[in-house]
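Close look at the chain arrangement
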Amino acid sequence: MNLKPETVQRIDEVITHYPVKRSAALPLLHLVQEDQGFISSAAVEWIAQKLELQPINIYELVTFYPMFRQQPIGRRHIKVCRTLSCALLGSHRVCAEFQQQFGCRPGETSADGEVTLEFVECLASCGSGPVVAIDEELYEHVDVARAGGLAAQLKQHTAARPPA
Amino acid sequence: MPHPAERRLIFRHIDEPGYTPDLACYLRHGGYEVLKKSVARKPAELVDEVKKSGLRGRGGAGFPCGVKWTLVDRKSGKPVYLIVNADESEPGTFKDRYIIHQDPHQLIEGIMITCWANQVKQAYIYIRGEFPRGARILEQAIAEARAQRFVGPDVLGTGYGCEIFVHRGAGAYICGEETGLIESLEGKRPYPRIKPPYFPAVLGLYQCPTIVNNVETLCNVRHIAEIGGEAFARMGTPNNTGTRLLCVSGHVQRPGYYELECGKVTMGQLLHDICGGPRPGRTFKAVIPGGSSAKILRFGERFKVRQRDGSTVEWGVEDIPMDFDSLAACGSMGGSGGVIVMDDSVDMVAALANINAFYAHESCGQCTPCREGSLWMKKISARMVHGEARAQDGDLLKSVADQIAGRTICPFGEACAWPTQSFVLKFGDEFKGYAEARKNRPADAVALV
Ligand SMILES: Cc1cc2nc3c(=O)[nH]c(=O)nc-3n(C[C@H](O)[C@H](O)[C@H](O)COP(=O)(O)O)c2cc1C
Ligand code: SF4
Ligand code: FES
């Protein structure tokens, strides 16, 4: 586990928030996932040890909570809201547009590894649906045309990035 | 601009140009003055104000807040915790997000008054994982408030100490249920606990007495402490006091949030006058009044309701006052304040299939009826939409739902059964004739599953 020094620092700090170490499991999973991109089995063991738990105590969280993942995802993470209020205003078409633009279905990553698409449950912004979250940014009133525009922007970012 | 019918208390500054979430802005608007006055009062007095206010919880169940506070077990000698429920995960609900992102100090002031009133020394804000910015804004706001001693080891020089920490969830709806939330905060899977014995007020976080309140509820506490319980109770209607943040989504011209005095506005006034009515060329067909778990109301149905004075009135959907008791009297609930509107373009079987998919995804899986039943309801309704509907499917769906409700550890069982029970009851004709009707569906119909 090669965590950034500031991640380790934040981990040590957050553990002090709770009278019982185990409570820090979710915060640690978030911090490690932000640092590493996903939760590897090494990460599960590292967190378990840090909190004086068994690996299964961490593994059962990774497999339950939808936001934790065991594989890396694309550079950008698109989440289209699937739930009723957004669906009534056309979120299925919005999701289909992203799917077509990036050639990957919900739950998959585009072939170039750039974009992961997800069709997620209510994002608590139902009054301005359909809503789409791209990484931390929330986009409201996204119709098919706007989804196309967002996809084009993402593709531009990819093209503009110098090769690694 | 707020609608003229609104009474903005909690959302006074939401979307106000120039209003920012930092402490300086809050202080310019009189921030933390109520906390200063409150810590000079006896805690019991504040609890009394909240009792007198009649405030009912805004998270979904509408339980009287002051009563909840007095149920806290003080004999055990264990520390008392406050958990702020900022999970905001009931579909159709989008109010706490604005408080968290735009006016975090209002919430923190409400939390600190609540903590003082209940002599709580540690509060946790459990915020849904999908609000990463909200979590950072709250952390920043707490740090600012701490620097000015509104929070921390010595609140405003009184010697009373109280810390607040932010705890992020990770995308599971069941963490909104208070005992599931507590398990999650303890670092476990959010499997709800059975009541009795696990009433949070007695055996909550770390088996200590715990108060769980919604974000909006705690903001109300701040205003009650400011104006007094009696003045607060004069807003709204008897037993349904104060204002309510109503979240309107779906098929209306002006969806969005509206803060209205409880019970002072009817469903018809809300949807027609305030939200601008249906889309052009459309009429209202149905509305779910209190988050996706609430039983659906069909436009055209009539309700005979006994009033508090013993008389009986007859209402249509448009006539129902928007408050806890009236919606309950009509067989549904005020719930979380999420009003989801559907017009005559909507295929009710598909709408139910969408809701069922949500519950099947979110069941925690502890109870067999809920785990299996929610999945069966999803599969049956999806099969109908995908071209294999049978005339008995409505009855089948209803029988599955009937076998979930009342047989589970937590109220999610009812939450997932109520949509199916009410859709089939009220739109049974659509379920029966679905196979035929589906063939004539317009080609441009909006897909819901
Ligand atoms: C399945 C389920 C989900 C819930 N989700 C939320 C939620 O997201 N936010 C919330 O405040 N309350 C939610 N509740 C209600 C809480 O269990 C609890 O009643 C509430 O937080 C108490 O606060 P209040 O009295 O201030 O309303 C949910 C309840 C159930 C059964
Ligand atoms: S009713 Fe459903 S969500 Fe609640 S504890 Fe049982 S399985 Fe879990
Ligand atoms: S239904 Fe899409 S944000 Fe709530």
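That block above? That's the structure.
One structure accompanies this document, and this report is about it. (Residues numbered from 1 in each chain as written. Chains lettered and ligands numbered in written order. Predicted model: local features only at pLDDT ≥ 70, side-chain atom pairs only at ≥ 80, totals over all residues. Heavy atoms only, no water.)

1. What to know about the site of ligand 2
Around ligand 2 there are 13 residues in total, and C364(B), C367(B), C370(B), T408(B) and C410(B) lie nearest to it. The class makeup of the residues in the shell around ligand 2 is 8 nonpolar, 5 polar and no charged. (Near = heavy atom within 4 Å. Nonpolar A, V, L, I, M, F, W, Y, C, P; charged D, E, K, R; others polar.)

2. Points about the nonpolar core
Ranked by internal contacts, the top residues of the largest apolar core, which has 85 residues, are I58(A), Y65(A), I288(B), M342(B), F423(B) and F431(B). Looking at this core, the element that brings in the most residues is helix α14 (residues 348-362) of chain B, giving 9 residues. Counting residues in hydrophobic clusters, the runner-up holds 67 residues, among them W69(B), W116(B), F131(B) and A145(B). (Core = buried A, V, L, I, M, F, W, Y, C linked by side-chain atoms within 4.5 Å. Buried < 20%, exposed > 50% of the residue type's maximum accessible area, 1.4 Å probe, protein only. Helix = DSSP H or I, 4+ residues; strand = E, 2+ residues; numbered from the N terminus.)

3. Describing the side chain of T266(B)
All names here are of chain B. Along the chain, T266 falls in the loop between β8 (256-261) and α12 (267-274). Within the structure, T266 has its side chain in polar contact with the backbone oxygen of E318 (distance 3.2 Å). In this structure, T266 is in contact with E318, D319, I320, P321 and M322, ignoring residues within four places of it in sequence. (Polar contact = N/O pair within 3.5 Å; in protein donor to acceptor, adjacent residues only side chain to side chain. Contact = heavy atoms within 4.5 Å.)

4. So, the site of ligand 1
All names here are of chain B. In the vicinity of ligand 1 lie 17 residues, with G59, K68, N85, N214 and T217 positioned nearest. At 2.9 Å from an oxygen atom of ligand 1 is found a side-chain nitrogen or oxygen belonging to N213. Measuring from an oxygen atom of ligand 1, one finds a side-chain N or O atom of N214 at 2.8 Å. In isolation ligand 1 offers 620 Å² of accessible surface; the protein chains occlude 90% of this area. Top contributing element to the shell around ligand 1 by residue count: strand β4 (residues 210-214), with 3 residues. Considered class by class, the residues forming the shell around ligand 1 number 3 nonpolar, 8 polar and 6 charged. (Areas by Shrake-Rupley, 256 points an atom, 1.4 Å probe, with all protein chains shown as cover.)

5. Quick look at the packing of helix α15 (residues 368-385) of chain B against helix α16 (residues 393-402) of chain B
All names here are of chain B. Where α15 contacts α16, the axes come no closer than 9 Å and their chain directions differ by 165°. Judged on the interaxial angle alone, α16 and α15 are roughly antiparallel. Crossing of α15 against α16: the hand is left-handed. Residues G373, W376, M377, I380, S381, R383 and M384 of α15 touch α16, and the partners they reach there are D393, L396, L397, V400 and A401. Taken together, the residues of the contact of α15 with α16 break down into 8 nonpolar, 2 polar and 2 charged. (Axes fitted to C-alpha atoms, helices over the stretch in contact; angles between N-to-C directions. Parallel < 35°, antiparallel > 145°, perpendicular 65-115°, else oblique. Left-handed = near helix turned anticlockwise from the far one by under 90°.)

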